[in-house]
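Listed below are the residues making up each chain.
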Amino acid sequence: MITKTNLLFGIIFICLSACSHEQESKEKVARTGALNSFEQDIEFLSQYTTLHLLEDSSGQGTIAISPALQARVMTSSASGMQGVSFGWINRELFASGDTLPHINPYGGEERFWLGPEGGQFALFFQKGSGFDLDNWQTPVLIDLEPFQLISKTTTHAEYSKQASITNYSGFVFDLDIRRRIEILELDEVFGSLELEKNPLLKAVGYRTTNIVTNIGENDWKKDSGLISIWLLGMFTPSDATTVLVPFVKGDEQELGPEVNDNYFGKVPLDRLKIGDGVIFFKGDGKARGKIGLSANRAKDIIGSYDAVHHILTVVKYSKPDKPAAYVNSLWEIQEQPYHGDVVNSYNDGPLSPAGSQMGPFYELESSSPALALQAGESGTHTQTTYHFEGSTDQLDAVAQILFGVTLQQIASAF
């Protein structure tokens, strides 16, 4: 016999069960649902741009390249089509069918750019203009123009572009760009990082080799401005994503500041922490800020950890052993135009307290030294991007080896 009391308990039980199920669903979405699958992103992107897909011999490691967008790597997966899509894609901009006046942030986890951004040798400001957002303009060469396919196999592709670009001081660079992209086999993913191969970790890695050649008649010299190869990757933020930037420890009078956080105003202390040989920077896409490390401080690695989705991202790049000059991208006429940063991270956020923003996303970036190239001479910058997925125990071991920190230290940084 069903009594009112039994009915009441039954309703409470159903409600509690439903709430529990809903909470479990929300937690599952938080873990796996906020990121698209690789297949979902490929299907979406294919509506708007031609894609070239590369994959390792297992078919699990795979990447997608858009030749129309400077042969940028749009996204990648460690588990084939059904795996998580690691790159950030600006679906709204693609779907609009429109272009924007200052930059077209289509996304992609590694794109080819040229520096410097600001200063008397800037590529993003016209001669005589002020260094502000109204005058900031991404050169069309590295924003909307396509690169041409030279050759392609299932594991690598090579692209080229010839162009001219003028800096703030009026010097014209005539250049040939070559960009080779290759996906790594799983053995090389672990071996190139000097890690023991771990079958419990899902992983994907790809390397880009970027060559710029001076095809003009004039040598590129410091007094008229030099350029650099600049590689930037956009990734999906989360409230539990932390950028990791190892640095060379030592006296500030000898090596300079540990970090440069003055690009867009000082980064608040609750978003930037300096640990024992590692800088922690929030990658939540909620506050605009940028950090950089000088040649004296930078190592050849940067990365991030997403504790929501259990993804460890690693970026390794070619950094000369000997001291080298780097272009300065600060938005001002500079006293030291060749004391710029080697490695950077940008966290997107509103342009003003109530303003719009490009993303949200966060970026991991690296640059080549300034290219003082004689006519006919070339400069090269290489970068390798890796993603690891797995349990916290397995990822913790990788984080300790590569960054010298535990996941617990990362989690407790903020």
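Everything numeric in this text was worked out from a predicted model, so none of it was measured.

Quick notes on the sheet that holds strand E3 (residues 72–77)
Then comes step 1: Sheet architecture is open: three strands sit in the order E1-E2-E3, paired in antiparallel fashion. Of all the strands in the sheet, the pair left with one neighbour each is strand E1 (52–55) and E3. Each neighbouring strand pair of the sheet contributes to a mean axis angle of 25 degrees, computed without reference to strand direction.
Then comes step 2: Bridge count for strand E2 (residues 62–66) against E3 is five bridges, and the pairing is antiparallel. For Ala64, the partnering residue across the bridge sits in E3 and is Thr75.
Then comes step 3: Helix H2 (residues 38–45) rests against E1, E2 and E3 of the sheet, and its axis sits at about 150 degrees to E3.

Overview of the sheet that holds strand E9 (residues 228–235)
Then comes step 1: Pairing in this open sheet of five strands is antiparallel, and the strands run E4-E9-E17-E16-E13 from one edge to the other. Looking at which strands have only one partner, the edges of the open sheet turn out to be strand E4 (111–115) and strand E13 (289–294). The sheet shows a mean angle of 20 degrees between the axes of neighbouring strands, taken without regard to direction.

A word on the environment of Ser76
Then comes step 1: Structurally, Ser76 is set in strand E3.
Then comes step 2: The spacing of Ser76 and Glu377 is 301 residues in sequence and 33 Å in space, taken between C-alpha atoms.
Then comes step 3: In terms of polar contacts, Ser76 uses its side chain to reach the side chain of Glu109, at 3.0 Å.

What to know about the pairing of strand E15 (residues 311–317)
Then comes step 1: For E15, a buried count of six out of seven residues is recorded, marking the element as mostly surrounded by other parts of the structure.
Then comes step 2: Connecting strand E14 (residues 301–306) to the next strand, E15, in antiparallel fashion are four residues, including His310 with a positive phi near 55 degrees.
Then comes step 3: Across seven bridges, E15 lies against strand E18 (residues 378–389) in antiparallel orientation. The residue of E18 that forms the bridge with Lys316 is Thr384.

Overview of H2
Then comes step 1: Listed as buried for H2 are Phe38, Asp41, Ile42, Phe44 and Leu45. Around the axis of H2, the buried residues are gathered within 165 degrees of arc, so they sit on the same side.

Structural notes on the pattern of salt bridges
Then comes step 1: All chains considered together, the criterion is met by 15 salt bridges.
Then comes step 2: Arg91 is paired through a salt bridge with Asp41; the nearest N and O atoms lie 2.9 Å apart. Separated by 50 residues along the polypeptide, Arg91 in helix H3 (residues 91–96) and Asp41 in helix H2 bring together distant segments of the chain.
Then comes step 3: Judged by its relative accessible area of 29%, Arg91 is partly exposed.
Then comes step 4: Judged by its relative accessible area of 3%, Asp41 is buried.
Then comes step 5: As a salt-bridge pair, Asp239 and Lys286 come within 2.8 Å of each other at their nearest N and O atoms.

Comments concerning the environment of Ile63
Then comes step 1: Along the chain, the position of Ile63 falls in strand E2.
Then comes step 2: Between the alpha carbons of Ile63 and Leu407 there is a distance of 27 Å; along the sequence they are 344 residues apart.
Then comes step 3: Aside from chain neighbours lying at most four places away, what touches Ile63 is Phe38, His52, Leu53, Leu54, Val73, Thr75, Ser76, Ile181, Ile183 and Tyr206.

Description of the pairing of strand E8 (residues 202–214)
Then comes step 1: Among the 13 residues that make up E8, 10 are buried, leaving the element largely enclosed by the rest of the structure.
Then comes step 2: Where strand E7 (residues 172–183) meets E8, nine bridges bridge the pair, whose relative direction is antiparallel. By the bridge assignment, Arg178 is partnered in E8 with Ile211.

Digging into unusual backbone geometry
Then comes step 1: Along the chain, Gly115 connects to Pro116 via a cis peptide bond; the corresponding omega equals 10 degrees.
Then comes step 2: Locating Pro116 in the fold gives a position in the loop between E4 and strand E5 (148–152).
Then comes step 3: Following Gly359, the chain continues to Pro360 via a peptide bond in cis, the omega torsion being 20 degrees.
Then comes step 4: You can see Pro360 is positioned in the loop between strand E16 (341–347) and strand E17 (362–367).
Then comes step 5: Here the phi dihedral of Glu194 falls at roughly 55 degrees; this positive angle occurs in a residue that is not glycine.
Then comes step 6: Among the structural elements, Glu194 can be located in the loop between helix H4 (186–191) and E8.
Then comes step 7: Glu194 gets classed as exposed once you look at its relative accessible area, which sits at 73%.
Then comes step 8: Phi is positive for His310, which is not a glycine, with a value near 55 degrees.
Then comes step 9: Mapped onto the secondary structure, His310 falls in the loop between E14 and E15.
Then comes step 10: Owing to a relative accessible area of 26%, His310 belongs among the partly exposed residues under this scheme.

What about helix H6 (residues 392–403)?
Then comes step 1: For H6, the full list of buried residues reads Leu395, Asp396, Val398, Ala399, Leu402 and Phe403. Buried residues of H6, seen end-on, are gathered within an arc of 165 degrees and therefore sit on one face of the element. The outward face of H6, more than 90 degrees from its buried face, is lined by the exposed residues Asp393 and Ile401.
Then comes step 2: Those residues of H6 that are buried are in contact with strand E10 (241–246), strand E12 (278–282), E14, E15, E18 and helix H7 (407–411).
Then comes step 3: Downstream of H6 by a residue or two, Gly404 has a phi angle that is positive, lying close to 75 degrees.

A closer look at the confidence of the model for the protein chain
As a note on interpretation, predicted positions should not be read in detail where pLDDT is low.
Then comes step 1: Averaged over all residues, the pLDDT of the protein chain is 92; the fraction at 70 or higher stands at 92%.
Then comes step 2: Of the regions scoring below 50 in pLDDT, residues 1–33 engages in nine contacts with residues more than four places distant in sequence or in other chains.

Reading the values: rules and limits
- Residues numbered from 1 in each chain as written.
- Predicted model: local features only at pLDDT ≥ 70, side-chain atom pairs only at ≥ 80, totals over all residues.
- Heavy atoms only, no water.
- Pairing = 2+ DSSP bridges.
- Helix = DSSP H or I, 4+ residues; strand = E, 2+ residues; numbered from the N terminus.
- Axes fitted to C-alpha atoms, helices over the stretch in contact; angles between N-to-C directions.
- Contact = heavy atoms within 4.5 Å.
- Polar contact = N/O pair within 3.5 Å; in protein donor to acceptor, adjacent residues only side chain to side chain.
- Buried < 20%, exposed > 50% of the residue type's maximum accessible area, 1.4 Å probe, protein only.
- Arc of directions from axis to C-beta.
- Salt bridge = Lys/Arg side-chain N within 4 Å of Asp/Glu carboxyl O.
- pLDDT = per-residue confidence, 0-100.

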